[in-house]
Amino acid sequence: MSGPLFVLTLVAAIGCATMGGVFFGFSSFVMAGLGRLPSAQGAAAMRSINITAVTAPFMAGLFGTALLCLGVGIVAIVSWSEAYAVYLLAGALVYLVGTIVITAGYHVPRNNALEAVQPNSQAEERLWATYLAEWTRMNHLRALSGIAAAACLVLALTK
């Protein structure tokens, strides 16, 4: 593996691990903490988190890592005969599908639904009960995907 590809892969692996760690934190204690609050307070806190998550540092980490993984994936396809290529492609695909696709296709629509519901209403209470369990369940997959993608990319560095 060339020096520039090594650095690209290493930085992508760090990004994947970092985002996996962020999602792990949500899965392991943030959502549980919100679930201990009364529904209206938990939902309000989650709405606040969703708004403050859309910041340059978080978006750079999430989507910057996606761009790095896209680059790593392209390199993997172009250099398919290399021993590291399968690990590069696996890492890239696991992150892109398990983190980006799930975020855009699953979590963002649920976050938007939570934002749209009338605060302190019965509808909010019903939505929060299902949101909390379902959002967290799929977030486990995002956490695992980020960590697994990082592991694949680190394995590529050893080939």
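Please read these numbers as outputs of a predicted model, since none were measured by experiment. (Residues numbered from 1 in each chain as written. Predicted model: local features only at pLDDT ≥ 70, side-chain atom pairs only at ≥ 80, totals over all residues. Heavy atoms only, no water.)

Engineer: I'm lost on the layout of surface pockets in this one. Help?
Structural biologist: Any empty space left between atoms is shown by rolling a water-sized probe over those atoms. The computed volume of the largest pocket comes to approximately 430 Å³. As for the largest pocket, its lining consists of 22 residues, of which N50, A53, V54, F58 and N111 are closest to the centre. Breaking the lining of the largest pocket down by element, the ones donating at least two residues are helix 1 (3-35), helix 2 (39-53), helix 3 (56-78), helix 4 (85-116) and helix 5 (122-157). For the lining of the largest pocket, a count of residues per class yields 14 nonpolar, five polar and three charged. (1 Å grid on protein atoms, 1.4 Å probe; cavity = no way out; pocket = protein on both sides within 12 Å on 5 of 7 lines; lining within 4 Å. Points joined across faces, edges and corners; volume = space filled by probe spheres on them. Helix = DSSP H or I, 4+ residues; strand = E, 2+ residues; numbered from the N terminus. Nonpolar A, V, L, I, M, F, W, Y, C, P; charged D, E, K, R; others polar.)

Engineer: What exactly am I supposed to notice about a nonpolar patch on the surface here?
Structural biologist: Taken together, the side chains of M1, F6, V7, L10, V11 and I14 present a nonpolar region at the surface, about 480 Å² in accessible area. With respect to the secondary-structure elements, V11 resides in helix 1. Residue V11 is classed as partly exposed on the basis of its relative accessible area, which comes to 40%. (Patch = residues over 30% accessible without salt bridge, like charges linked within 9 Å, V, L, I, M, F, W, Y side chains within 5 Å. Areas by Shrake-Rupley, 256 points an atom, 1.4 Å probe, with all protein chains shown as cover. Salt bridge = Lys/Arg side-chain N within 4 Å of Asp/Glu carboxyl O. Buried < 20%, exposed > 50% of the residue type's maximum accessible area, 1.4 Å probe, protein only.)

Engineer: I keep staring at the state of the cysteines and nothing clicks. Help me out?
Structural biologist: Put plainly, a disulfide is one covalent bond tying together the sulfur atoms of two cysteines. A complete count under the given rule lists zero disulfides for this structure. Note on C69: no disulfide assigned, nearest cysteine sulfur contributed by C16 at a separation of 3.6 Å. (Disulfide = S-S within 2.5 Å.)

Engineer: Please explain the side chain of S79 as it appears in this structure.
Structural biologist: Relative to the helices and strands, S79 resides in the loop between helix 3 and helix 4. Among the residues examined, S79 registers a relative accessible area of 15% and is labelled buried. Here the side chain of S79 touches V75 through a polar contact of 2.6 Å, landing on its backbone oxygen. Discounting residues that sit within four places of it in the chain, S79 has contacts with Y84 and A85. (Polar contact = N/O pair within 3.5 Å; in protein donor to acceptor, adjacent residues only side chain to side chain. Contact = heavy atoms within 4.5 Å.)

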